[in-house]
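# Summary of structural features
As a plain string of letters, each chain reads:
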Number of protein chains: 2
Amino acid sequence: MDTKGFAKHDHRACIVDMIAVAEAYSAANKVQFTPVRRRVLELLLEDHKALGAYDVLERLVKEGYGSQPPVAYRALDFLVKHGFAHKIERLNAYIACAHPQKIHAPAFMICRQCKAIAETMTTPTKGPFNQAAEEAGFQIERTVFEAEGLCPKCVSGGAPREVS
Amino acid sequence: MDTKGFAKHDHRACIVDMIAVAEAYSAANKVQFTPVRRRVLELLLEDHKALGAYDVLERLVKEGYGSQPPVAYRALDFLVKHGFAHKIERLNAYIACAHPQKIHAPAFMICRQCKAIAETMTTPTKGPFNQAAEEAGFQIERTVFEAEGLCPKCVSGGAPREVS
DNA sequence: TCTATTGACGTTATATTATAACATCTCTAG
DNA sequence: CTAGAGATGTTATAATATAACGTCAATAGA
Ligand SMILES: [Zn+2]
Ligand SMILES: [Zn+2]
Ligand SMILES: [Zn+2]
Ligand SMILES: [Zn+2]
């Protein structure tokens, strides 16, 4: 399975690997992987949940970084821009990318119960748009694919069904 | 083509039809299609762009309705709840549904240049999730499908390519 | 090495989006 | 013709996001 996030894995390694990738990328591309950017990426990697910008900021303040919103937003923007994180539009929150440095259109499954999030890659050649967009003559540049529901654990744990 | 929004159509009829559908639905389901709710739906129908809650509010104020955010948000929530409008998460904005009262997972193509939006229906049996969700055991309840890019007009009009 | 330029970081201030809580009024059900 | 539910309006506040500016650090040329 290509889907990360609902399965247990070696999370310590997950973080170490990702940081290494980010460092290599930054060196190769002459961008600065600064302490605050590194720390924010670590925070996002700490669990497979999404963090709001102000959640991130709160942590940064405690650790002696700047205390104002732009500090968090700028670090998050850097990570998103360079493919190390994604914004979950539905939640106004950010999450580390599960497939860094691979070109992909990310898609997310968001558990409304436990807030776990899994990222999957979509095949760029199908999906809900590629036929409709072609017919309409629409040129896709970016996509947002987000599904909300119940993760495997919460389904079997008997979470209450969504009300209409 | 099932895609509405990038093609010209009888827009006056579009509005009239939709209001009639909403009225019939409301009568049948014993919910109140009140003046402010009707007016907000008309506003959303006036073009195929999305309106922010505060855009809607501004119009309502001018027309003598309440002047505070909940007035707009409550009308929009009603329309979304009953299937007459959708929220575009990427834009924090609202748009009239193009397929009211048909069960569907909406998908949107959003022109970053002229802001036109087309809604298409996704086939619930494919899409980027149905295979990944099944493999993962994730139970989908709601989906957000939004593509940003250039509409046919803006593509041929030579809009500047998106910067990386 | 020494500057010039760019980019990062921190701040203050403000903009934008959204909801909580409560009073009043209206519709609906009995 | 009431009792209850729902709709509307308000005030106040919460949550999310960006503009603008000064300072400092990294990088690139000379
Ligand atoms: Zn990703
Ligand atoms: Zn869960
Ligand atoms: Zn729709
Ligand atoms: Zn356009």
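Here goes a summary of the coordinates provided. (Residues numbered from 1 in each chain as written. Chains lettered and ligands numbered in written order. Predicted model: local features only at pLDDT ≥ 70, side-chain atom pairs only at ≥ 80, totals over all residues. Heavy atoms only, no water.)

## As for the overall build of chain A
To keep it simple, the criterion reads: Secondary structure elements follow DSSP: runs of H or I no shorter than four residues count as helices, runs of E no shorter than two count as strands, and numbering proceeds from the N terminus. Radius of gyration: over C-alpha atoms. The globule rule applied is 2.2 Å multiplied by the number of residues raised to the 0.38 power. Three labels apply to residues, based on accessible area from a 1.4 Å probe with only protein chains included: buried if under 20% of the type maximum, exposed if over 50%, partly exposed otherwise in between. In what follows, residue pairs with any heavy atoms lying within 4.5 Å of each other are defined as contacts. Here the accessible surface of atoms and residues is derived via Shrake-Rupley with a 1.4 Å probe, and residues count as covered only by protein chains that are part of the display. Positive: Lys, Arg. Negative: Asp, Glu. His and the chain ends are not part of the count. One atom stands in for each charge, and that atom is NZ of Lys, CZ of Arg, CG of Asp or CD of Glu.
A tally of regular secondary structure across chain A gives 6 helices and 5 strands. Helices and strands appear in chain A in the N-to-C order α-α-α-α-β-β-β-β-α-β-α. On C-alpha atoms alone, chain A measures out to a radius of gyration of 17 Å, which is about the 15 Å that the 2.2 N^0.38 rule sets for 164 residues. Looking at chain A as a whole, 44% of its 164 residues are labelled buried. If you take every contact in chain A between residues at least 6 apart in sequence, the share linking residues at least 24 apart comes to 52%. For chain A, the computed accessible surface area is about 8,500 Å², with 53% contributed by carbon and sulfur atoms. For chain A, the distance from the average position of its 21 positive side-chain charges to the average position of its 19 negative side-chain charges is 3 Å.

## A short note on the pattern of salt bridges
In plain terms, the rule: Salt bridges are identified by distance alone: a Lys or Arg side-chain nitrogen within 4 Å of an Asp or Glu carboxyl oxygen.
A full pass over the atoms with the stated rule returns 18 salt bridges over all chains. Between Glu89(B) and Arg90(A) there is a salt bridge, with the nearest N and O atoms lying 3.7 Å from each other. You can see Glu89(B) sitting in the loop between β1 (85-88) and β2 (93-96) and its partner Arg90(A) sitting in the loop between β1 (85-88) and β2 (93-96), one on each of two chains. When its relative accessible area of 8% is taken as the criterion, Glu89(B) is described as buried.

## Some details on the side chain of Glu119(A)
Residue and element names in this part refer to chain A. Condition: Distance and chemistry together define a polar contact, namely a pair of N or O atoms within 3.5 Å, with one atom able to donate a hydrogen and the other to accept it when in protein, and with adjacent residues in sequence counting only for side-chain atoms on both sides.
Mapping Glu119 onto the fold places it in strand β4 (residues 117-122). Taking the relative accessible area as the measure of exposure, Glu119 reaches 3% and is therefore buried. Within the local environment of Glu119, its side chain forms a polar contact with the backbone nitrogen of Ala98, the two atoms lying 2.8 Å apart. At 3.0 Å, the side chain of Glu119 forms a polar contact with the side chain of His104.

## A short note on the interface of chain B and chain A
Quick note on the threshold: The term buried area refers to how much accessible surface (probe radius 1.4 Å) is lost by two components on association, counted for both of them together.
At the interface, 39 residues of chain B touch 39 residues of chain A. Approximately 3,600 Å² of surface area, both sides summed, lies buried where chain B meets chain A, with 58% of it carried by carbon and sulfur atoms. Ranking the residues of chain B by area buried against chain A places Phe138(B), Glu141(B) and Arg142(B) at the top, with a combined share of 19%. On the surface where chain B and chain A come into contact, there are 6 salt bridges. Two residues, Glu148(B) and Arg142(A), come together in a salt bridge whose shortest N-O distance is 3.5 Å. The interface formed by chain B and chain A contains 10 residue pairs in polar contact (both at pLDDT 80 or more). For the side of chain B that touches chain A, the secondary structure elements donating two or more residues are β3 (105-111), β4 (117-122), α5 (130-136), β5 (139-150) and α6 (152-156) of chain B. Per-element tally for the side of chain B that touches chain A: the top contributor is β5(B), with 12 residues.

## Looking at the packing of aromatic side chains
Our working definition: Pairing of aromatic rings covers Phe, Tyr and Trp, the last counted by its six-membered ring, and requires centre-to-centre distances within 6.5 Å; plane angles under 30 degrees mean stacked, over 60 mean edge-to-face, and any other angle means tilted.
By the definition in use, this model includes 9 aromatic pairs over all chains. Between the aromatic rings of Phe6(A) and Phe138(B), the centroid separation amounts to 5.6 Å while the plane-to-plane angle is 5 degrees, which identifies the pairing as stacked. Highlighted residues: Phe6(A) in the segment before α1 (11-28) and Phe138(B) in the loop between α5 and β5, drawn from two different chains. Taking the relative accessible area as the measure of exposure, Phe6(A) reaches 16% and is therefore buried. When its relative accessible area of 6% is taken as the criterion, Phe138(B) is described as buried. Aromatic rings pair up to connect Phe129(A), Phe145(A), Phe129(B) and Phe145(B) into one cluster.

## Focus: the protein's contact with DNA strand D
Cut-off, in case you're wondering: Any residue with a heavy atom positioned within 4 Å of a molecule or strand is treated as near that molecule or strand. In the scheme used here, Gly and all other residues not listed as nonpolar or charged are polar, with Ala, Val, Leu, Ile, Met, Phe, Trp, Tyr, Cys and Pro taken as nonpolar and Asp, Glu, Lys and Arg as charged.
Around DNA strand D, the structure places 18 residues, and the nearest of them are Tyr54(A), Lys87(A), Thr34(B), Gln68(B) and Arg74(B). When atoms of DNA strand D within 4 Å of the protein are sorted by moiety, sugar and phosphate together comprise 54%. Between DNA strand D and Lys87(A), the relevant distance is 2.5 Å, taken from a phosphate oxygen to a side-chain nitrogen or oxygen of the residue. Taking Ser67(B), its main chain carries an N or O atom lying 2.8 Å from a phosphate oxygen of DNA strand D. Elements with a contribution of two residues or more to the surface near DNA strand D: α4 (69-81) of chain A together with α2 (35-45) and α4 (69-81) of chain B. At 4 residues, α4(A) tops the list of elements feeding residues into the surface near DNA strand D. The class makeup of the residues in the surface near DNA strand D is 7 nonpolar, 7 polar and 4 charged.

Geometric values such as these leave the question of function open.
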